[in-house]
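One-letter residues, chain by chain:
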Amino acid sequence: MANAAETTATVEQPHGSEHEVEPAALGLTPGMWVAAAMLVFLLILVVKKVPGAIVGGLDKQIAAIRQQLDEAKVLRAEAEKLRAEYAAKIANAEKDAAAMLEHARHEADLIVAKASQDTADVIARREKMAADKIGAAERAAVDDLRAKVASAAAAAAGQLIAANHGANADKALVDGAIAGLSH
């Protein structure tokens, strides 16, 4: 360890051992003058109402901020109201869409039922028309067959008569027919 005598420092006054005296004016030291000037400055500020102006400016800013907050509250309430209104509109739109869908399904069922009935009616009419055409074709075929049979029978009868009857047989038939008329 080091000795205490070795670590001790000595301070010497530059002007010797005299102590300097601060200058004074009117009995006030420079620190007192600064304090007095500061006090006068603060009194002037108070007299000129500078703190009131500062406080007034701050109050105006506070009032403006309060007004903005009130406007924000009103806008938020309006936004909430609009949101609720649109939510209700969306719910109503969903209900309307469901009702429209149900109505469309009902209409589609009616259209399908009517189409089925109309199809059945058309099929029945077409079957009747086909039956009528078939019946007409059968009658025409029967009539045509009868005409051909009659024509063939007349031709065959003509040939048989021509082959079996001669002039004498014709005279006897004509005389018998005339005789049957006179009676």
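1. Structural notes on the overall build of the chain
- In terms of helices and strands, the chain carries 4 helices and 0 strands.
- Order of helices (α) and strands (β) in the chain, N terminus to C terminus: α-α-α-α.

2. A word on a nonpolar patch on the surface
- A grouping of M38, F41 and L42 is seen on the molecular surface, where their side chains present a nonpolar patch of about 300 Å² in accessible area.
- Relative to the elements of secondary structure, M38 occurs in helix α2 (residues 30-47).
- Residue classification places M38 among the partly exposed residues on the basis of a relative accessible area of 47%.

3. Section: helix α4 (residues 167-182)
- Along its 16 residues, α4 runs 23 Å from first to last C-alpha, staying within 8% of the 22 Å computed at 1.5 Å per residue.
- With 0 of its 16 residues buried, α4 lies for the most part at the surface.

4. Quick word on the pattern of salt bridges
- Counted under the stated rule, the structure contains 5 salt bridges.
- Notably, a salt bridge pairs K114 with D118, separated by 3.1 Å at the nearest N-O pair. Placement of both K114 and D118 in helix α3 (residues 50-164) is noted, with a separation of 4 residues, approximately one turn of the helix.
- Here K114 falls in the exposed class, since its relative accessible area comes to 53%.
- The exposure class assigned to D118 is partly exposed, which follows from its relative accessible area of 34%.
- One salt bridge connects K128 with D132, and the closest N-O pair in it is separated by 3.4 Å. Within this pair, K128 and its partner D132 are both found in helix α3, separated by 4 residues, close to a single helical turn.

5. A few points about the confidence of the model for the chain
- Taken as a whole, the chain shows an average pLDDT of 85; of its residues, 89% reach a score of 70 or greater.
- Confidence, read as mean pLDDT per element, is least for helix α1 (residues 4-7) in the chain (55) and greatest for α3 (92).

6. Comments concerning unusual backbone geometry
- Phi is positive for K49, which is not a glycine, with a value near 60°.
- The exposure class assigned to K49 is exposed, which follows from its relative accessible area of 62%.

Thresholds applied
- Residues numbered from 1 in each chain as written.
- Predicted model: local features only at pLDDT ≥ 70, side-chain atom pairs only at ≥ 80, totals over all residues.
- Heavy atoms only, no water.
- Helix = DSSP H or I, 4+ residues; strand = E, 2+ residues; numbered from the N terminus.
- Patch = residues over 30% accessible without salt bridge, like charges linked within 9 Å, V, L, I, M, F, W, Y side chains within 5 Å.
- Areas by Shrake-Rupley, 256 points an atom, 1.4 Å probe, with all protein chains shown as cover.
- Salt bridge = Lys/Arg side-chain N within 4 Å of Asp/Glu carboxyl O.
- Buried < 20%, exposed > 50% of the residue type's maximum accessible area, 1.4 Å probe, protein only.
- Expected span 1.5 Å × (residues − 1).
- pLDDT = per-residue confidence, 0-100.

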